[in-house]
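Residues per chain are reported as follows:
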Amino acid sequence: MVKKVAIIGAGISGLASIRSCLEEGLEPTCFEKGEDVGGLWKFSDHAEEGRASIYQSVFTNSSKEMTCFPDFPFPDDFPNFMHNSKLQEYITAFAKEKNLLRYIQLKTLVSSVNKRPDFSVTGQWDIITEKDGKKESAVFDAVMICSGHHVYPNLPKESFQGLQLFKGKCFHSWDYKEPGVFKGKRVLVIGLGNSGCDIASELSHTAEQVIVSSRSGSWVMSRVWHGGYPWDMMFITRFETFLNNNLPTVISDWWYVKQMNARFKHENYGLMPLNG
Ligand SMILES: Cc1cc2nc3c(=O)[nH]c(=O)nc-3n(C[C@H](O)[C@H](O)[C@H](O)COP(=O)(O)OP(=O)(O)OC[C@H]3O[C@@H](n4cnc5c(N)ncnc54)[C@H](O)[C@@H]3O)c2cc1C
Ligand SMILES: *[C@@H]1O[C@H](CO)[C@@H](O)[C@H](O)[C@H]1NC(C)=O
């Protein structure tokens, strides 16, 4: 009997999973609570509960050369690093081209996944879905969870003493959409990760003042690497991995730091990461 697989979520992971199931002769059914495929790349102008959220200006940090499905390259006229709408266009085209849409049930939430009473013998699962307020139950041989990460914002307000006295707005980057509303405001961005960095530089054009606070520094890299190649093509290679795995740590660390400091010395900006 053909094994039935339930796939939860139709983002990139869900679509790749449908594809892999078909290649293995399995029967996939993908449930997506949203109205479209693409997951977090489907931009929305307001953050939605239980869903990852991107800001209007998000560009990919991985290049099209490294981000594509092996047998589905990006169109030639797409830039190396692209706006989120372009990636969404690509994902939608992939789903259509590979005939994956027929396996996807949109606007269908998976509300529970449970082992069946005879699980120890059959290995089967009970899946309950909800669509338009109607519940349905079905049995599957396997479940693939592709529901995404970056879904729940972590805003540790209790870590900031006296915050309750602060009169301004305080929110997580999950709620950030565009810089316009910060015109003329003074903004403190806490954290120098990808989002903090992006948002701070974007706000610097509209806000009156932007201050970035980082407790441990960060490697600040350009998407464009040596010789004008995308950074990830140069950095995520078998050669780099080989060096990493085979050189003594002192030497591979030295090599890493040397590359990271090639554009500018992080020490000169007080950005040198504390933990390497
Ligand atoms: C700002 C930002 C920038 C990023 N940039 C890059 C990048 O440049 N390159 C890169 O490779 N990665 C990047 N990422 C990582 C990103 O997580 C992956 O690219 C990819 O989108 C993850 O896909 P996913 O399918 O795992 O999850 P998601 O895209 O989050 O999709 C999960 C899907 O599951 C659905 N779902 C969840 N729960 C249920 C349920 N109970 N029932 C039914 N459906 C459900 C959701 O509605 C959603 O559609 C970025 C992430 C963020 C936040
Ligand atoms: C790209 O950005 C996302 C979101 O900040 C992050 O999770 C991911 O690790 C980044 N990818 C790379 C290759 O740096």
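Residues numbered from 1 in each chain as written. Chains lettered and ligands numbered in written order. Predicted model: local features only at pLDDT ≥ 70, side-chain atom pairs only at ≥ 80, totals over all residues. Heavy atoms only, no water.

Enquirer: I tried to follow the site of ligand 1 on my own but got confused; where do I start?
Expert: Neighbouring residues of ligand 1: 24 residues in total, closest Ser13, Glu32, Trp41, Asn61 and Ser62. Here an oxygen atom of ligand 1 and a side-chain polar atom of Trp41 are 2.9 Å apart. In this structure, His149 approaches ligand 1 through a side-chain N or O atom, which is 2.9 Å from an oxygen atom. Within the complex, the protein chains bury 82% of what would otherwise be the 1000 Å² of accessible surface of ligand 1. Going through the elements one at a time, helix H1 (12–23) and strand E4 (109–115) are the ones with two or more residues in the shell around ligand 1. In terms of residue class, the shell around ligand 1 is built from 9 nonpolar, 13 polar and 2 charged. (Near = heavy atom within 4 Å. Polar contact = N/O pair within 3.5 Å; in protein donor to acceptor, adjacent residues only side chain to side chain. Areas by Shrake-Rupley, 256 points an atom, 1.4 Å probe, with all protein chains shown as cover. Helix = DSSP H or I, 4+ residues; strand = E, 2+ residues; numbered from the N terminus. Nonpolar A, V, L, I, M, F, W, Y, C, P; charged D, E, K, R; others polar.)

Enquirer: How should I be thinking about the sheet that holds strand E3 (residues 104–105) in this particular structure?
Expert: The strands making up a sheet associate through backbone hydrogen bonding, with each pair oriented either parallel or antiparallel. Across the sheet, which stays open at both edges, the 4 strands sit in the order E3-E2-E1-E7 with parallel pairing between neighbours. The strands lining the two open edges of the sheet, one partner per strand, are E3 and strand E7 (142–145). As paired strands, strand E1 (residues 4–8) and E7 are joined by 4 bridges and run parallel to one another. Looking at the pairing, Ile8 lines up with Ile145 of E7. (Pairing = 2+ DSSP bridges.)

Enquirer: I would appreciate a short explanation of the packing of H1 against helix H3 (residues 84–97) in the present structure.
Expert: Geometrically, a packed helix pair is captured by the angle between its two axes and the distance between the axes. Between H1 and H3, whose axes approach to 11 Å, the crossing angle comes to 20 degrees. Classified by the angle their axes make, H1 and H3 are roughly parallel. The hand of the H1/H3 crossing is left-handed. On the side of H1, the interface is formed by Ile12, Leu15 and Arg19, while H3 contributes Ile91, Phe94 and Ala95. Considered class by class, the residues forming the contact of H1 with H3 number 5 nonpolar, no polar and 1 charged. (Axes fitted to C-alpha atoms, helices over the stretch in contact; angles between N-to-C directions. Parallel < 35°, antiparallel > 145°, perpendicular 65-115°, else oblique. Left-handed = near helix turned anticlockwise from the far one by under 90°. Contact = heavy atoms within 4.5 Å.)

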